[in-house]
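Below, each chain spelled out in residue letters.
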Amino acid sequence: MRVELKRAVYEENDALAGEINRGLRERGIFTVNVLGSPGAGKTSLITRLAERLAPDALSVIEGDVASDIDTRALRALGIDAFQIETGGDCHLNAPMIKAILGRMRLSDGSWLFIENIGNLICPAEFVIGEDLKIVVASAAEGSDKPYKYPTAFSRSAACVLTKGDLAQAVGFDEGFFMAGLASVAPNAPVFPVNGRTGAGADALALWLREARDALTARSAAADHGRA
Amino acid sequence: MHEASAAEAIVKMTSAEAMARKAGRVSRISLVVGEATGYMRESLEFYVAASAKGTVAEGAALDVRYVKPLLSCPACGIEFERLRFSFDCPACGTQGIMTKAGSEFYIDFIELA
Ligand SMILES: Nc1nc2c(ncn2[C@@H]2O[C@H](COP(=O)(O)OP(=O)(O)OP(=O)(O)O)[C@@H](O)[C@H]2O)c(=O)[nH]1
Ligand SMILES: [Mg+2]
Ligand SMILES: [Zn+2]
């Protein structure tokens, strides 16, 4: 007997992610899923954003295959950070986020950053409860990343380009990178940010605030529509 | 590892469907996979077979139908397959925009016995 299923392989994950997102939304928590290759500058970027989004409360979930180095580094800076060790899994999924959220005490109206596993392939396939994804790419990785990993870029609402200070040394071709990005993510703004000095991070922090406020306004309008 | 969690989900969904329909076993699983997702046929076959051991989906044949990523040209409107490191329209040279085609990942149909 043939049964037409026509069902997404990750439908269970996606449904749980939707539930997580609704729970966070109700509490005014804005959640950002940060993608990028190993060493692209994800933790550095989150640190620079935490400085700029203060005094708002901000928490971080750190996904790593093994080790809690990033979590300890963030905590040493006074940032509320929690660790997920996937023990080999190459991406975070919604059940992992649900489990760790049960152990975190988030404040209403706060920011939640989730640093995904360093990898441009699998993390792009999973929604984990976020309001939006951002992808961090460094000049040091080379300018062909949007061509090689289109999904990570196309599913991200913004792209952060780090290590611009190394662009010349590594021969980064910015025009080629931008052209690739324009094809796979035509609506995603690009923010050049230096992960060490924080140069450029103000513009990204402002964009995130605007994205959050726009979403809050949309949810309020939707609630009003239902009432 | 990418394919391992996918395989688990595939086995879980298809065997649940077989049980719900009181079928003895899943004899075929047919997937539609966009090439932009990067799921390899050999890996899917390997991990689905491994996950299915001891379930009603054990031994099921696995079909994988790949879908090519398509770009659309904002100038002349045609849809086209990309070349390796270029997203340019083969007809007019304008840079194309990625469409949804090529990011599919779903179970199309299954056969139960
Ligand atoms: N020169 C330069 N170095 C940077 C920049 N941003 C980050 N780095 C350095 O790059 C290295 C990796 O940065 P991380 O922030 O740890 O990168 P990550 O993406 O979190 O790395 P994983 O979690 O291991 O995948 C660190 O030594 C940073 O100091 C930048 O803009 N310029
Ligand atoms: Mg890190
Ligand atoms: Zn054209």
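Each remark here, short or long, concerns the structure printed above.
All values derive from a computational prediction rather than experimental measurement. (Residues numbered from 1 in each chain as written. Chains lettered and ligands numbered in written order. Predicted model: local features only at pLDDT ≥ 70, side-chain atom pairs only at ≥ 80, totals over all residues. Heavy atoms only, no water.)

Chemist: Can you explain the packing of helix 1 (residues 2-20) of chain B against helix 2 (residues 41-52) of chain B? Please cite residues and give values.
Modeler: Residues and elements named next belong to chain B. Two elements in contact, helix 1 and helix 2, have axes whose closest approach is 8 Å; the angle formed by their N-to-C orientations is 50°. Relative to helix 2, helix 1 is oriented oblique. Two packed elements cross with a definite hand, and for helix 1 against helix 2 that hand is right-handed. Contact with helix 1, carried on its side by E3, A4, A7, E8, I10 and V11, involves S43, L44, Y47, V48, S51 and A52 of helix 2 and no other residues of that element. Here the residues of the contact of helix 1 with helix 2 are counted per class, giving eight nonpolar, two polar and two charged. (Axes fitted to C-alpha atoms, helices over the stretch in contact; angles between N-to-C directions. Helix = DSSP H or I, 4+ residues; strand = E, 2+ residues; numbered from the N terminus. Parallel < 35°, antiparallel > 145°, perpendicular 65-115°, else oblique. Left-handed = near helix turned anticlockwise from the far one by under 90°. Contact = heavy atoms within 4.5 Å. Nonpolar A, V, L, I, M, F, W, Y, C, P; charged D, E, K, R; others polar.)

Chemist: Go over the interface of chain A and chain B, please, and point to the residues and values.
Modeler: Between chain A and chain B, the residue contacts involve 35 residues of the former and 31 residues of the latter. For the pair chain A and chain B, the summed buried area comes to about 2900 Å², and 59% of that belongs to carbon and sulfur atoms. The interface formed by chain A and chain B holds three salt bridges in total. D108 of chain B is the partner of K6 of chain A in a salt bridge, and the nearest nitrogen-oxygen pair spans 2.3 Å. At the junction of chain A with chain B, the criterion picks out 16 residue pairs in polar contact (both at pLDDT 80 or more). Secondary structure elements with two or more residues in the side of chain A that touches chain B: strand 1 (2-8), helix 1 (11-26), helix 5 (145-148), helix 6 (150-154) and helix 8 (174-184) of chain A. For the side of chain A that touches chain B, the leading source of residues is strand 1 of chain A, giving seven residues. Tallied by class, residues from the side of chain A that touches chain B come to 18 nonpolar, six polar and eleven charged. (Buried area = accessible area lost by both parts, 1.4 Å probe. Salt bridge = Lys/Arg side-chain N within 4 Å of Asp/Glu carboxyl O. Polar contact = N/O pair within 3.5 Å; in protein donor to acceptor, adjacent residues only side chain to side chain.)

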